[in-house]
Amino acid sequence: MSNNKWLIAAWTISIILILPAVFLILQSTGSDTPLFEHLWATVLSEYIVNTIQLVVLVLLFSAFFALPSAWLIAMCDFPGRRYFQWLLMLPLAMPAYVVAYIYTDLFDFAGPIQRTMRALFQSDVAVGQHWFFEIRNVPGAALMLALVLYPYLYLIARTAFMEQGSHLFQVSRSLGQKPWQSFRRIAMPLCRPAIVVGLMFIGAEALGDFATVHYFAVNTLTTAVYDSWLGHGSLSAAAKISILMLIGVMGILAIERWQRGRQRFYHKYTGQNALFKLTGWRARSAVIYCFSLVFSGFILPVVILLSYAIDYASLNTDGQLGRVLLQTVWLALLAALITTALAVLFSFTTRVSSSASGALPTKLSSMSYMMPSTVLAIAVLIPMTLFENNFNDFWVAMGYQAPGLFLSGTTFALVFAFVVRFQAVANGTIEASFLAVSPSLDMAAKSLGKTDSQMLRLIHLPLIKKSVFTAMLLVFIECMKELPAALLLRPFNFDTLATFVYQYVSDEQLEQAAFAAILIVLAGLYPVMRLTQMGEKSI
Amino acid sequence: MKPDQITALKIEGISVSYQEKQVLDQLSLMIGQNEIVCLLGQSGSGKTTVLKAIAGLLPLDEGEISLNSRQLSSVGQCVKPEQRDIGIIFQDFALFPHLTVLDNVCFGIKASGEVAQEKGKALLAMVKMAAFETVYPSELSGGQQQRVAIARALATEPKVLLLDEPFSNVDHHLREQLMLDIRAALKQHNTPAVFVTHSKEEAFAFADTLAFMEEGQIVQQGVAESLYFQPSSASLADSMGEGNWLDVTVRGDMATECANLGIISATLPHNQELSKKMRQFVRPNQISIEPNPQGVGEIVEQVFNGESRSYFIRLGDRLLRVSTTSFEHWPIGTKVNIAVLPHQAILFDRS
């Protein structure tokens with residue numbers, strides 16, 4: 001039987017999923033709008049500088065957090081090492097804006113730190129009369145982001161250090177090099193590609209961050225996109241700024257690809273590493289270093305959230321949270337179902353198609369993942385509003401009443417955006433599970449007279465059902481946590497868990513949504529756990 | 001170590017534990033100037049731990065290690081690995097993947113660029129790798145990587161070289177030549193070496209003396225022949241090569257008797273008390289067979305090994321393993337007479 005119908009379906013859908021990116025590029029090449037010209041002439045250069053500053057500082061802070069801890073865990077033995085190995089991953093489950101809120105609260109003039117200091121030094125001064133460091137600025141935002149993003153670099157650097165093995169280091173020392181010289185001449189050059197890959201990943205996340213900088217009132221390109229659309233209603237200006245961000249992301253990804261390619265030459269050591277046993281003050285410093293990262297990135301924020309939730313428990317009884325939860329689950333479930341079904345379609349098409357082009361729909365549909373979600377939201381709006389306008393005109397010309405914003409003004413836009421954004425997540429999981437199914441099973445099924453569809457139903461799906469579930473869960477959680485796209489695309493008076501929490505953050509009332517924030521953190525623990533396990537397996 | 005040799009490395013009564021488990025138990029070992037010693041033993045007997053202790057990668061619980069009369073390790077004291085003048089070669093060669101072959105060799109040389117390069121090139125020529133100076137390790141075969149690793153280790157002129165299973169990642173047919181070349185390089189540099197293996201063939205070919213390890217201790221040390229012909233323990237006898245365990249009774253200072261086989265003569269007195277029931281270990285090449293229709297044994301299986309041929313002979317209710325030259329070929333089912341050739345008896349208590 002021909003497998004053309006699979007190919008046609010896969011190609012059509014993957015082209016629909018790539019449409020937003022195509023329209024974004026087309027739109028941005030159009031003539032300049034007055035708003036964009038105005039922004040360009042006035043504040044945009046400042047926003048660009050802020051964005052670059054933010055990304056660079058996040059990278060520096062992340063490297064400072066992640067590299068020493070990765071080295072300690074990979075090469076040294078100290079009390080609690082086995083626990084820190086995965087505890088250090090936990091901050092990844094914290095949304096940066098929640099951490100930002102909590103630290104602002106702590107360090108504020110009216111916060112406990114400054115209150116205690118005033119009490120200690122018995123100074124009785126008004127606001128602004130004594131110096132205290134300011135957190136609501138670019139370095140502050142960078143610190144908050146690095147505190148929850150460093151685990152990406154930690155995981156990849158730790159794996160790289162471990163894969164080097166201790167033999168190279170021991171040989172270097174037997175050849176007369178001191179530990180520090182060995183680190184500089186052997187360990188660092190070998191891990192550089194992996195470290196750059198990890199940093200670029202964090203850089204892309206920092207560039208795309210919206211909530212933290214918006215909350216701190218730091219103007220970056222993401223906040224400019226947001227304001228252009230929600231504030232000034234100019235899709236075209238938003239598209240042009242988005243393209244600037246996309247260029248930044250492309251640059252980052254190019255560096256990532258280049259360094260990833262360089263890693264291939266290095267052998268992987270698979271034996272057991274001899275750990276360097278730390279004692280005395282060295283062991284204590286190692287414990288303090290690792291613990292303070294886990295404490296400030298996870299334990300402290302969670303404890304504070306819990307205390308908020310307990311203190312304000314009575315305020316959460318009006319059923320608002322229940323309604324939001326229901327909406328979120330419904331939406332995320334729908335997006336997860338669609339995404340996973342499409343991932344199965346794409347991977348299956350790749351498998352049964354005889355030509356190399358059969359693999360393209362998977363690749364094409366995964367591409368939008370690199371767009372920051374603020375950019376993606378704008379990109380989704382462009383073809384949608386275009387279609388709606390033409391359809392409305394057509395409908396009116398036919399003598400009916402115009403249906404209005406039946407796509408961009410409804411949850412359709414949100415679900416579509418989620419599918420476009422997280423298709424890569426599902427594709428990755430499903431593709432890997434298909435690869436684990438031996439191709440000889442297909443030949444056996446074919447030789448026993450089964451069609452493609454029967455083979456999918458009787459052989460493949462039963463074998464990959466665990467991964468189907470995993471893919472759905474991962475996409476579900478991502479949808480639940482996704483903020484910028486949801487903020488830009490949600491219909492009037494509609495909230496997801498993330499927008500609900502963020503609304504309270506920006507109203508300086510997170511206390512009242514603490515329970516919802518805890519739910520987001522809990523949901524975020526599952527992908528972190530999976531990532532940690534994968535990191536462990538690759539060693 | 002031969003009696004007239006000067007001691008280079010002295011290991012005296014060392015105990016080492018790793019992750020709460022005692023791995024070495026009061027182990028002692030002397031290595032002479034220019035001597036190549038092989039640590040032989042089953043996996044888990046503590047061979048690699050001895051190397052790590054010598055290299056200063058593990059602390060000692062007891063005993064001490066000294067090199068040319070300089071103390072390296074004792075309880076609570078440990079000279080750093082980089083200050084020990086000890087070279088290490090690992091099973092995976094551990095070449096630095098981001099450096100060329102020549103840069104790998106020059107890595108530890110403390111001299112200015114040009115002098116170091118000259119020295120590196122000379123070493124590469126010695127290990128027959130001069131043509132590969134600018135190549136990266138990933139482009140080399142296992143044997144080639146091993147040659148580079150040897151050159152790199154010798155470049156810093158170590159006082160002793162440690163080799164951990166150095167030939168296990170090298171193709172079988174290259175192994176013998178590589179062993180001869182490396183042995184020649186060590187002898188040329190007058191560098192004593194300790195090497196670890198679980199293969200007796202490698203030990204025989206590469207080492208001057210062998211030390212057999214069991215449960216963290218050295219059971220026997222000596223030249224290959226003494227371990228092969230006079231093993232001090234049953235497990236050493238077994239790991240030195242195939243053999244037959246026979247239940248015997250001592251019949252004299254130079255004779256034992258085995259049911260079905262009769263008297264077995266010894267070439268040296270074994271000093272066992274008369275009539276004692278013992279177990280005797282007889283190598284396959286110490287038994288001869290001859291076809292005879294009235295023979296006590298019957299050939300049940302035969303294996304052609306190239307240089308030799310192995311026969312499995314049914315004798316009563318047991319199988320004997322016998323090795324002959326490969327020219328003789330008797331079919332399965334042939335009845336044979338069996339004679340144990342006079343040899344130095346290997347006897348152990350029956351327990």
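Residues numbered from 1 in each chain as written. Chains lettered and ligands numbered in written order. Predicted model: local features only at pLDDT ≥ 70, side-chain atom pairs only at ≥ 80, totals over all residues. Heavy atoms only, no water.

## Here's the deal with the domain arrangement of chain A
Residue and element names in this part refer to chain A.
Inference 1: With domains assigned, chain A is organised as domain 1 (1–31 + 312–506) and domain 2 (48–305).
Inference 2: On the domain 1 side of the interface with domain 2, the three residues burying the most area are M370, Y502 and V505, jointly 22% of the side's total.
Inference 3: Remark: the boundary between domain 1 and domain 2 carries zero salt bridges.
Inference 4: Those elements that provide at least two residues to the side of domain 1 that touches domain 2 are α1 (4–28), α15 (373–397), α19 (484–489) and α20 (497–506).
Inference 5: Here the side of domain 1 that touches domain 2 takes six residues from α15, the largest share from any one element. (Domains from an automatic or database assignment. Buried area = accessible area lost by both parts, 1.4 Å probe. Salt bridge = Lys/Arg side-chain N within 4 Å of Asp/Glu carboxyl O. Helix = DSSP H or I, 4+ residues; strand = E, 2+ residues; numbered from the N terminus.)

## Things to note about the pattern of salt bridges
Inference 1: Per the stated rule, a full pass over the model turns up 20 salt bridges over all chains.
Inference 2: R351(A) is paired through a salt bridge with D442(A); the nearest N and O atoms lie 2.8 Å apart. Of this pair, R351(A) sits in helix α13 (residues 320–352) while D442(A) sits in helix α17 (residues 439–447), placing them 91 residues apart in sequence.
Inference 3: Judged by its relative accessible area of 12%, D442(A) is buried.
Inference 4: R350(B) is the salt-bridge partner of D247(B), the closest N and O atoms lying 3.9 Å from each other. Taken together, the residues span a long stretch of sequence, with D247(B) in strand β12 (residues 244–252) and R350(B) in the segment after β21 (346–349) at a distance of 103 residues.
Inference 5: The exposure class of D247(B) is partly exposed, given its relative accessible area of 48%.
Inference 6: Residue R350(B) is classed as partly exposed on the basis of its relative accessible area of 37%.
Inference 7: Salt bridges sharing common partners tie together K128(B), R147(B) and D181(B). (Buried < 20%, exposed > 50% of the residue type's maximum accessible area, 1.4 Å probe, protein only.)

## As for the packing of α1(A) against α15(A)
Residue and element names in this part refer to chain A.
Inference 1: Taken N-terminus to C-terminus, the directions of α1 and α15 make an angle of 85°; their axes are 8 Å apart at the nearest point. Classified by the angle between their axes, α1 and α15 sit roughly perpendicular to one another. In this structure, α1 contributes P20, A21, F23, L24 and Q27 to the contact, and α15 contributes V375, I378, A379, V380, I382, P383 and L386.
Inference 2: Of the residues contributing to the contact of α1 with α15, the split by class is eleven nonpolar, one polar and no charged. (Axes fitted to C-alpha atoms, helices over the stretch in contact; angles between N-to-C directions. Parallel < 35°, antiparallel > 145°, perpendicular 65-115°, else oblique. Contact = heavy atoms within 4.5 Å. Nonpolar A, V, L, I, M, F, W, Y, C, P; charged D, E, K, R; others polar.)

## Notes on the side chain of Q286(B)
Inference 1: Of note, Q286(B) is situated in the loop between β15 (277–282) and β16 (287–291).
Inference 2: Aside from chain neighbours lying at most four places away, what touches Q286(B) is F229(B), A339(B), V340(B), L341(B) and H343(B).

## Observations regarding the sheet that holds strand β2 (residues 21–32) of chain B
Residue and element names in this part refer to chain B.
Inference 1: If you walk across this open sheet you meet the five strands as β2-β1-β4-β5-β6, and the pairing is antiparallel. The strands lining the two open edges of the sheet, one partner per strand, are β2 and β6 (77–78).
Inference 2: Where strand β5 (residues 70–74) and β6 come together, two bridges link them in antiparallel fashion. Within the sheet, the bridge partner assigned to S74 lies in β6 and is Q77.
Inference 3: The sheet contacts of helix α1 (residues 47–55) involve β1 (7–18), β2, β4 (62–67) and β5, and relative to β1 the element is tilted by about 115°. (Pairing = 2+ DSSP bridges.)

## Some points on the nonpolar core
Inference 1: Within the largest apolar cluster, 177 residues are counted, with the highest numbers of intra-cluster contacts made by L24(A), F78(A), Y97(A), L305(A) and V501(A).
Inference 2: Of the residues forming this core, the biggest block, 18 residues, is contributed by helix α7 (residues 138–174) of chain A.
Inference 3: For this core, the domains that each give at least three residues are domain 1 (1–31 + 312–506) and domain 2 (48–305) of chain A.
Inference 4: The next biggest cluster of nonpolar side chains, apart from the first, holds 45 residues, and it includes L40(B), A116(B), A153(B) and F167(B). (Core = buried A, V, L, I, M, F, W, Y, C linked by side-chain atoms within 4.5 Å.)

## Observations regarding the sheet that holds strand β10 (residues 209–214) of chain B
Whenever strands of a sheet pair, they do so through backbone hydrogen bonds, lying parallel or antiparallel.
All names here are of chain B.
Inference 1: Pairing is mixed across the open sheet formed by six strands, whose spatial order is β7-β8-β9-β3-β10-β11. The two strands at the open ends of the sheet, each matched to only one other strand, are β7 (86–89) and β11 (217–222). The sheet shows a mean angle of 20° between the axes of neighbouring strands, taken without regard to direction.
Inference 2: The sheet contact formed by strand β8 (residues 160–164) and strand β9 (residues 193–197) spans four bridges and is parallel. Its bridge partner lying in β9, L163 is registered against F195.
Inference 3: Sheet strands in contact with helix α4 (residues 142–155) are β7 and β8, and its direction is about 170° off that of β7.

## Considerations on helix α2 (residues 34–41) of chain A
Residues and elements named next belong to chain A.
Inference 1: Restricting attention to buried positions, one finds in α2 the residues L35, F36 and L39. With its buried residues spanning 95° around the axis, α2 presents them on a single face. Seen from the open side of α2, the exposed residues pointing more than 90 degrees away from its buried face are P34, W40 and A41. (Arc of directions from axis to C-beta.)

## Structural notes on a positive patch on the surface
Inference 1: On the surface, a cluster of positive charge is made up of K178(A), R282(A), K80(B) and K110(B).
Inference 2: You can see K110(B) is positioned in the loop between α2 (101–106) and α3 (113–126).
Inference 3: K110(B) gets classed as exposed once you look at its relative accessible area, which sits at 69%. (Patch = residues over 30% accessible without salt bridge, like charges linked within 9 Å, V, L, I, M, F, W, Y side chains within 5 Å. Areas by Shrake-Rupley, 256 points an atom, 1.4 Å probe, with all protein chains shown as cover. Lys, Arg positive; Asp, Glu negative; His and termini not counted. Charge placed at Lys NZ, Arg CZ, Asp CG, Glu CD.)

## Remarks on unusual backbone geometry
Inference 1: Although it is not a glycine, N493(A) adopts a positive phi angle of roughly 65°.
Inference 2: Along the polypeptide, N493(A) turns up in the loop between α19 and α20.
Inference 3: Assessed through its relative accessible area of 61%, N493(A) is described here as exposed.
Inference 4: One non-glycine residue, A94(B), adopts positive backbone phi at about 50°.
Inference 5: For A94(B), the location among the structural elements is in the loop between β7 and α2.

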